[in-house]
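# Structural description and commentary
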Amino acid sequence: MSTIFWHETNMTSNTTPVPLVASASSVYPSNVAPWRAFNGTTVDNQDAWASANGITDASITLDYGRERLVDRVRITSVNGAVTFGTKNFEIFGSNDNTNWTLMASKLDIPIWGKAETREYVFNKKDSFRYYKLRTWGTYQSTENYVGIGNLQYGFSANLSLTLKSSTTNEHYSLSDNTLIHLPDNSIKNMILHGIEQGKEIQLDVPFDKHIYVDDTPVANVSGKLFAQDIGIVNTLSIKEVNKDNDFKPIYTWHNTNMTSDTSPVPLIAKSSGIFNSTYPAWKAFNGTTINADDGWVSSNKTGWIEINYGKNILVNILNLSHRNTSTLTSAPKNFIIEGSNNGTAYETLATISNETNWLSVETRQFVFNNIKTYSYYRINVSENNGHATELSIGDILFGYKREV
Ligand SMILES: [Ca+2]
Ligand SMILES: [Ca+2]
């Protein structure tokens, strides 16, 4: 569902509220400063910006202080004479106030009513810190300036990807949010920007949209306090960023440490069959590979082995260890990883091929894409490394790898 959001400015001077800054290439020598086009009202003919006398090609710029997503503008004509209203316009975006990108243009606009608002949707959506509108031409040749009663930029966004701040009532799209990383021992990251107090939402943000925390604490305060560009000061215990370090993935391992096929409860280990009672399925889920007996050996050269966690968990990584044995040809070569929620219907999560040349107790890691939770995870082997009758596995550990 797409919803339109307008960036509120409600300016009361060219530099208030901070960090907004309104400016213009030219200003009429009376009470029509640039900020009056960003104050949200058009109560009279002074509630506007107008260019200097004799200038009918002028521009008005708003610096938001940070990037804002924009794909439309709402222009309101002056609440007075309309013949110097916006006849032609171009809108540009910039991040340095020097290099400008054309966002939209409109020529030969029909004449406006007093304090009339019209909305123009751009062909593209982009994020810039500075937005400049150039207006030129008048509806009457005797007019010698141009003016605008009000100007507001906005964007449309999918509602679920938009957050509203409870402190400022501003809306933020995901693409201009701040990602805050929690302390090292947290498995989560968090977008605090715009979220109601006391709540958190876990969201995946494209890598190029990450804004990492400023690691310079605010001076002259007790404890560590970090001021971010999210409009407020937050007092979270946030991870200090070492700029020389890449963020490392976070791993959550589902350790099982089984001691029988049904313990600890609620875990249940099963297989397509066992060579004999020395090599039950649970020995592939006990977390060790201390000797040749510490593993599962199948009743055949192919087969499957699974664990039922008794609850739904998310898995996208497998550590597979070969048995502590010189029988290297019994290791899996081609297999699939499957998930199920009923032990009957299985979905293939990964297909692994040509895993050859295993060493005794060697561990290989397999990462795959999976966003669904299952309670049963199965390794289903269609070919071993050449042994005529045996398939064996020393240990299996499933987990979840999260990129941060
Ligand atoms: Ca105004
Ligand atoms: Ca084992």
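This section reports on the structure supplied with the text. Every value quoted in this text rests on a predicted model; they were computed, and no experiment measured them.

### Quick notes on the overall build of the chain
The helix and strand tally for the chain stands at zero helices and 26 strands. Contacts spanning at least 24 positions in sequence make up 71% of the contacts within the chain whose residues lie at least 6 apart.

### Observations regarding the sheet that holds strand β24 (residues 373-384)
Here five strands make up an open sheet; going across it, the order is β17-β19-β24-β21-β22 and the pairing antiparallel. Of all the strands in the sheet, the pair left with one neighbour each is β17 (268-271) and β22 (347-352). The sheet shows a mean angle of 20° between the axes of neighbouring strands, taken without regard to direction. Both strand β19 (residues 303-314) and β24 contribute to a ladder of eight bridges, which runs antiparallel. The residue bridging Asn-308 from the neighbouring strand is Tyr-376, located in β24.

### Concerning the environment of Ser-272
Mapped onto the elements, Ser-272 comes out in the loop between β17 and β18 (296-297). For Ser-272, a count of 17 C-beta atoms within 10 Å puts it in the partly exposed group. For the pair Ser-272 and Thr-302, spaced 30 residues apart in sequence, the C-alpha separation works out to 8.9 Å.

### As for the sheet that holds strand β16 (residues 250-253)
Taken in spatial order, the four strands line up as β16-β26-β20-β23 in an open sheet, and their pairing is antiparallel. A strand with exactly one partner marks an edge of an open sheet, and here the two such strands are β16 and β23 (363-367). Direction aside, neighbouring strands of the sheet carry axes that sit 25° apart on average. Sheet topology places strand β20 (residues 317-321) next to strand β26 (residues 395-402); five bridges connect them, and they run antiparallel. Each bridged residue has a counterpart across the sheet, and for Leu-320 the counterpart in β26 is Ile-396.

### Side note on unusual backbone geometry
The omega angle of the peptide bond from Thr-16 to Pro-17 is 0°, so this bond is cis rather than trans. Here Pro-17 lies in the loop between β1 (2-6) and β2 (21-24). Cis geometry is adopted by the peptide bond preceding Pro-19, which originates at Val-18 and carries an omega value of 10°. Take Pro-19: it is sitting in the loop between β1 and β2. With phi around 45°, Asn-10 is a residue other than glycine that occupies positive phi space. Along the polypeptide, Asn-10 turns up in the loop between β1 and β2.

### Looking at the nonpolar core
Judged by nonpolar contacts, the single largest core of 36 residues is most densely connected at Trp-49, Ile-148 and Leu-151. Of all elements in the fold, only β2, β3 (49-50), β4 (57-76), β5 (88-94), β7 (117-136) and β9 (150-158) reach the threshold of two or more residues within this core. Examining the composition of this core, we find that seven residues originate from one element, β4, more than from any other. Setting aside chain neighbours within four positions, we find Ile-148 in contact with Ala-37, Ala-48, Trp-49, Ile-60, Ile-75, Val-78, Thr-86 and Thr-135. Counting residues in hydrophobic clusters, the runner-up holds 29 residues, among them Met-258, Ile-305, Val-315 and Leu-391.

What counts, and where the lines are drawn
Along each chain, numbering runs from 1 in the same order as the chain's sequence is written. Starting at A for chains and at 1 for ligands, labels are handed out in the order in which the entities are written. Where totals are concerned, whole chains, interfaces and linings use all residues; where local detail is concerned, this predicted model gives features only for residues with pLDDT of at least 70, and gives and counts side-chain atom pairs only at 80 or more. A run of DSSP states H or I qualifies as a helix once it reaches four residues; a run of E qualifies as a strand once it reaches two. Both are numbered from the N-terminal end. By the criterion used throughout, residues are in contact when their C-beta atoms, derived from the backbone, lie within 7 Å. Here, a strand pair is defined by DSSP locating no fewer than two bridges between the strands. Here the axes come from fitting lines to C-alpha atoms, over the contacting stretch only for helices, and the angles between their N-to-C directions go from 0 to 180 degrees. Partly exposed residues are those whose C-beta has more than 12 but fewer than 20 other C-beta atoms within 10 Å; 20 or more makes a residue buried and 12 or fewer makes it exposed, with C-beta atoms placed from the backbone. The term nonpolar core refers to a group of buried residues, namely Ala, Val, Leu, Ile, Met, Phe, Trp, Tyr and Cys, whose C-beta atoms join them within 7 Å.

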